[in-house]
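Read off the chains here:
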Amino acid sequence: MAATSCSKPPLPFARATGGETFCRNHITIPLSNLNNKNPTNSRRALSICNCLFSASTSMEKEQDRFVGWFREAWPYIRGHSGCTFVVVISAEIVSSSFLDSILQDISLLHGLGIKFILVPGTHTEIDKLLTERGKKGKYVGRYRVTDFDSLEAAKEASSVRLTIEAKLSPGPSMLSLRRHGMNSRWHELAVSVASGNFLAAKKRGVVDGIDYGFTGEVKKIDVPSIKERLDRECIVIMSNMGYSSSGEVLNCNTYEVATACALAVKADKLICITDGDIFDEHKRLIRFMTLAEADQLIKKRAKQSEIAANYVESVEKGEGSFGNNFVDVEDSSLNRRFFQNGVGFDNGNGLSGDRGFAIGGWERFNRINGYLSELAAAAYVCQGGVQRVHIINGTAHGALLLELFTRDGVGTMIARDVYEGTRVATESDLSGIKRIIHPLEESGVFIQRSDEELLEALDSFIVVEREGCIIACAALFPFFKEKCGEIAAVAVSPECRGHGQGDKLLDYMEKKAGSLGLKKLFLLTTRTADWFERRGFKECSIESIPRERRQRIDLSRGSKYYMKELHPEHGGTIIRDSSVKCIETQ
């Protein structure tokens, strides 16, 4: 008799009595194969059953992982939709076999509503073509000296745009879509790609007695044309070949083009896809740096690195260093200090001069200072108003997806606004903390704390300061024996609520707890349970709270108890100033 399927999950190993099939975990085989008179057939049938059972279990686990990942990614899918990302793909990646999978992922993300501007690097291909023709590329500092032969090679190398267009154009596989029914809309899913003369440039000219020939500097990004293509759901490809007002073709630095484009279009992110990672002195991946941390690190390396020195010079010109005095994104003076669309990178006299933020030359190609060059470019555009820059190792499979759709990512993120003004409280902050928490104490949301109690716990408080005023606070009390910590007194000044300050504080506290080796966070609350539930906390019993803390709980308040498991950082470092002392390559 033919095998039949089970109507409900059987016992782990059940044999039917009086029936004709044997079933294990929804897998059935004819009982005739389990004939005791033929042990060979019996063993063979059991072996087949075990193999099928293992395959079924593996498939179920794979399905569970997919569902879990998709649910985890949902907030990021929603958050990234409609955003504009400028992606600079290093020449090393463009000329490698890794380009195909990166473009496949970009096509996927484009389908989820992300707007992409791609800037592919070409210096590797240019140097290769020159070598094949018996020539050698010449660099002075960060720039290539583009003679006639180099210009011809650059024009030829820029044809990589056609390769990228071809690889992006197909869209998703039709075979994957047919099971959901034939629909004419499926045929409209191919990706549209746009390119053109979006880049106006001017000759770099003669600098310090060196004639740079056909090397160009960015003068203007055609923002309206780019945005028009993006609004038509096209992926835009920006070539590093610019066009002068006299009709000449000029070879521009890829990173100068990418940074100018990110600033001009006011991109949400600049993503640098490189061929390696950024490590700290202990060979651990640096997953996150604030702009202040990156700025400080680059300045320390200014004597060793020309690119770092150029960064310092760029951000300190005019009215002084940006440093930790972050510029408002809406500051009308922003573009005067950095990229002026139609003029170029300003050096104070209206000329582009030596202020375009290019990275290149032998310092970068030989990785003398690791990935300090990319870090400097990242800090530069953050200084100019781009909120996030991600430096990703393009040789890692799916790195772009993992960086954008998982909590901790797999690359290095530099952010200008995350944790800005967030620090450990000092005694001078006491009045500001009391101003925020006193109304909540009066309403019964917080327990009453005396000045003495606040002073005693002050080292555990984190505050957010803006323009000399404390606008938010929270406390973290670690219980090292149980490897958990208590979050308490999370409060935001009324005029600053609704702008993510609470989330910023909580995220900071979670990362701080992780750096202390804590595995869980718990809290007691009477009125704010829904806020914490949305952020991953789950209700728990009082027995889950460390005994030392349980003994001090005022049971008459009727507080509810919540706990959250912290995600491991996979060996990376985050918000640890002392560990960010050097930049190493993979």
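Residues numbered from 1 in each chain as written. Predicted model: local features only at pLDDT ≥ 70, side-chain atom pairs only at ≥ 80, totals over all residues. Heavy atoms only, no water.

> Help me out: how do you make sense of the nonpolar core in this one?
Most often, soluble globular proteins keep nonpolar side chains buried together rather than apart. The biggest cluster of nonpolar side chains holds 56 residues, and the ones touching the most others in it are Val86, Ile117, Ile221, Ile226, Met238, Leu270 and Tyr311. Here this core takes 9 residues from helix α14 (residues 372–383), the largest share from any one element. (Core = buried A, V, L, I, M, F, W, Y, C linked by side-chain atoms within 4.5 Å. Buried < 20%, exposed > 50% of the residue type's maximum accessible area, 1.4 Å probe, protein only. Helix = DSSP H or I, 4+ residues; strand = E, 2+ residues; numbered from the N terminus.)

> Just to check I follow, could you spell out the pattern of salt bridges for this structure?
Side chains that differ in sign of charge can pair as their charged atoms come close. Scanning the entire structure with this criterion turns up 26 salt bridges. Between Glu62 and Arg65 there is a salt bridge; the shortest N-O distance is 2.5 Å. With Glu62 and Arg65 both in helix α1 (residues 39–80) and 3 residues apart, the pair spans about one turn of that helix. For Glu62, a relative accessible area of 46% corresponds to the partly exposed category. Several salt bridges share partner residues, and in doing so they unite Glu92, Asp275, Arg364, Arg367 and Glu374 into one network. (Salt bridge = Lys/Arg side-chain N within 4 Å of Asp/Glu carboxyl O.)

> Help me understand the packing of helix α4 (residues 123–132) against helix α5 (residues 148–157) in this model?
Each pair of packed helices can be described by the angle between their axes along with the distance between the axes. In the contact formed by α4 and α5, the axes pass within 9 Å of each other and the chain directions differ by 125 degrees. With respect to α5, the axis of α4 lies oblique. For the pair α4 and α5, the sense of crossing is right-handed. For the pair formed by α4 and α5, the contact residues are Glu125, Ile126, Leu129 and Leu130 on the first element and Asp149, Ser150, Ala153, Ala154, Glu156 and Ala157 on the second. Classifying every residue of the contact of α4 with α5 by side-chain character gives 6 nonpolar, 1 polar and 3 charged. (Axes fitted to C-alpha atoms, helices over the stretch in contact; angles between N-to-C directions. Parallel < 35°, antiparallel > 145°, perpendicular 65-115°, else oblique. Left-handed = near helix turned anticlockwise from the far one by under 90°. Contact = heavy atoms within 4.5 Å. Nonpolar A, V, L, I, M, F, W, Y, C, P; charged D, E, K, R; others polar.)

> It is not clear to me how the pairing of strand β20 (residues 388–393) should be interpreted in this structure. Could you clarify?
For a regular strand, side chains alternate in direction, first toward one face of the sheet and then toward the other. β20 sits mainly inside the fold: 6 of its 6 residues count as buried. Covered by surrounding structure in β20 are Arg388, His390 and Ile392 together with Val389, Ile391 and Asn393, the residues of both alternating faces. Of the strand pairs in this sheet, strand β16 (residues 269–274) and β20 are connected by 6 bridges, and their pairing is parallel. Bridge pairing links Lys269 to Arg388 in β20. With 4 bridges joining them, β20 and strand β21 (residues 412–415) adopt antiparallel strand pairing. (Pairing = 2+ DSSP bridges.)

> Please clarify how the environment of Gly444 should be interpreted in this entry.
Structurally, Gly444 is set in the loop between α16 (430–442) and α17 (451–456). Between the C-alpha atom of Gly444 and that of Thr526, which follows or precedes it by 82 residues, the distance is 8.6 Å. Residues contacting Gly444, with those up to four places away along its chain left out, are Thr526 and Arg557.

> Which parts of the structure should I look at to understand the pairing of strand β4 (residues 84–89)?
Among the 6 residues that make up β4, 6 are buried, leaving the element largely enclosed by the rest of the structure. Taking every second residue as pointing to the same face, both faces of β4 are buried, with Thr84, Val86 and Val88 on one and Phe85, Val87 and Ile89 on the other. Here β4 pairs with strand β5 (residues 115–120) via 6 bridges, running parallel. In the strand pairing of β5, Val88 is matched with Val119. Looking at chain direction, β4 and β16 are connected through 5 bridges and run parallel. Bridging across to β16, Val87 finds its partner in Ile271.

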